[in-house]
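# Remarks on the overall topology
Residues per chain are reported as follows:
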Amino acid sequence: MALPLPAGLTPPETAFLCEMELVTIIPRQRLEKLNLLGGPTPPFAPPHRTATPLWLALLLKRQRRANILPPPWLSPRSLSSVLDLEKSTASFSPPPALPPHTTTSPPFLPSATAGAPPDALPYHWLELGEMLLEAASDDIPEPDNVRRLMRDLREVRMAKMRAGVGVLEGGREVNLNGVGGGWR
Amino acid sequence: MSSYYNVDAILTDAQKVPCTFTLDLPNMGFLDENAGGDIKAQTAISLPLWLSTLLAVQRLGPSQTPLCTLDLPPSVSQRVLNALKADPRTVDLRSLAGNFYEGAARCLELFEEEEIVDVLSETFKRRAAEIADHAYNPRGALGEGADFLRGLDEMERQLFRAAHDSSKAMRLWMGELKKKN
């Protein structure tokens, strides 16, 4: 209590964890595999899509060495369908279905690659969406629309969480299934 | 709450509770601002929580009477409960007790009062939602809510602080992202 350290993770820390998520990129240059502490990065051969961690993708994007393929759920069509679902029910929209026999958890699930399921928000949707919108808005179709939908979604879900305080009681609980890690 | 070094737990322990002595106590008059004198049976004195609970559970002699009997502290009196039932948001909890909820929880461990438990948990829920609204207010929490926020007890202040700081950190993070490009 005496320490001024904030309890839990701060938003930059959450974003740092989110940078381990795999995203799909289309490299513009060849790059052999790099042996890093977190494991080797895949070799890049220009026209082929490759899944890399977000931090590497953002680095390459800033240096204009790659284009990022946004995950399918980060499209206006998918986001607005999730938003409609959120508005029509009192609970949160369900997270993407896990493939059978999954033993890992975010950020090690391929929930942000080009092959991720659409119409469902993964664990790190807020952080990942924000970071991609900032660094790679030219790779995302209709970025302004996506940004507006993300903000709407966040507000709808914040309002639900606030309403959830009212029903808290011993024995009753608020179902937070589908709530991502960026909720503060 | 349970930590030995927790300042709030210590302050909660220091809250005064009215108790009535059932026996004559010689030379204990200093408790009743009557140094050197005695305490007569049936004297009502406000004692700190840590002392009064110990005295109340102490059984003396073959009669097994406790040294004193406890009453509910004035911060959860019927008048306060009625006000809380009417509108939890208008009650200044801080002026009642600095650690209102923790003090009440400590007392309710000793008393069987289902009604008070219900009223207090309803109060906390209603006020928590209000606190969250003020904490997320981007124009700053001071303004129309200043009166309400002044009346928060210590636990609610920590709640407000956590909510306020985290929403500020979130805005900062999103704003910083915008600046980078």
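Our subject is the structure that appears above.
To start, this report covers the structure provided alongside it. Keep in mind that this is a model prediction, so the values were computed, not measured.

Turning our attention to the packing of aromatic side chains. Residue and element names in this part refer to chain B. Here the structure, examined in full by the defined rule, presents three aromatic pairs over all chains. Ring centres of Tyr4 and Tyr5 lie 5.2 Å apart, and the angle between their planes is 90 degrees; this geometry places the pair in the edge-to-face category. Tyr4 sits in the exposed class, given a relative accessible area of 68%. A ring pair is formed by Phe100 and Tyr101, whose centres lie 5.3 Å apart and whose planes are at 80 degrees; its orientation type is edge-to-face. In this structure Phe100 comes out as buried when scored by relative accessible area, which is 0%. The class of Tyr101 is buried, set by a relative accessible area of 9%.

Residues and elements named next belong to chain B. Among the secondary structure elements, Asp153 is positioned in the loop between α7 (146-150) and α8 (154-180). One buried charged side chain, Asp153, makes no salt bridge at all; its nearest oppositely charged neighbour is Arg94, positioned 6.3 Å away. Separated by 3.2 Å, the side chain of Asp153 and the backbone nitrogen of Tyr101 make a polar contact. Side-chain polar atoms of Asp153 contact the backbone nitrogen of Met155, separated by 3.2 Å. Among all residues touching Asp153, those that are not within four sequence positions of it are Leu93, Arg94, Ala97, Gly98, Asn99, Phe100 and Tyr101.

A few words on the packing of helix α4 (residues 125-135) of chain A against helix α5 (residues 143-165) of chain A. Residues and elements named next belong to chain A. Contact pair α4 / α5: the axes reach a minimum separation of 11 Å and the direction vectors enclose 155 degrees. When the interaxial angle is binned, α4 and α5 end up roughly antiparallel. Pair α4 / α5 crosses with left-handed handedness. Contact with α4, carried on its side by Trp125, Leu126, Gly129, Glu130 and Leu133, involves Pro143, Val146, Arg147, Met150, Leu153, Arg154 and Arg157 of α5 and no other residues of that element.

This part takes up the sheet that holds strand β2 (residues 44-48) of chain B. Residue and element names in this part refer to chain B. Across the sheet, which stays open at both edges, the three strands sit in the order β2-β1-β5 with antiparallel pairing between neighbours. Of all the strands in the sheet, the pair left with one neighbour each is β2 and β5 (68-70). For this sheet the average axis-to-axis angle between neighbouring strands, irrespective of direction, equals 40 degrees. In this structure, strand β1 (residues 16-21) lies alongside β2, joined through five bridges in antiparallel fashion. What sits directly across from Thr20, in β2, is Ala44. Strands in contact with helix α2 (residues 49-57) are β1, β2 and β5; relative to β2, the strand with the most contacts, it is inclined by about 115 degrees.

Time to look at a nonpolar patch on the surface. Taken together, the side chains of A:Met20, A:Leu34, A:Leu36, A:Trp55, A:Leu59 and A:Phe108 define a hydrophobic patch exposed on the protein surface, amounting to about 530 Å² of accessible area. Examined against the element boundaries, A:Leu34 turns out to sit in the loop between β1 (22-27) and β2 (35-36).

Parameters and conventions
- Residues numbered from 1 in each chain as written.
- Chains lettered and ligands numbered in written order.
- Predicted model: local features only at pLDDT ≥ 70, side-chain atom pairs only at ≥ 80, totals over all residues.
- Heavy atoms only, no water.
- Phe/Tyr/Trp six-rings, centres within 6.5 Å; stacked < 30°, edge-to-face > 60°.
- Buried < 20%, exposed > 50% of the residue type's maximum accessible area, 1.4 Å probe, protein only.
- Helix = DSSP H or I, 4+ residues; strand = E, 2+ residues; numbered from the N terminus.
- Lys, Arg positive; Asp, Glu negative; His and termini not counted.
- Salt bridge = Lys/Arg side-chain N within 4 Å of Asp/Glu carboxyl O.
- Polar contact = N/O pair within 3.5 Å; in protein donor to acceptor, adjacent residues only side chain to side chain.
- Contact = heavy atoms within 4.5 Å.
- Axes fitted to C-alpha atoms, helices over the stretch in contact; angles between N-to-C directions.
- Parallel < 35°, antiparallel > 145°, perpendicular 65-115°, else oblique.
- Left-handed = near helix turned anticlockwise from the far one by under 90°.
- Pairing = 2+ DSSP bridges.
- Patch = residues over 30% accessible without salt bridge, like charges linked within 9 Å, V, L, I, M, F, W, Y side chains within 5 Å.
- Areas by Shrake-Rupley, 256 points an atom, 1.4 Å probe, with all protein chains shown as cover.

It is worth stressing that arrangement in space is one thing and function is another; only the former is reported here.
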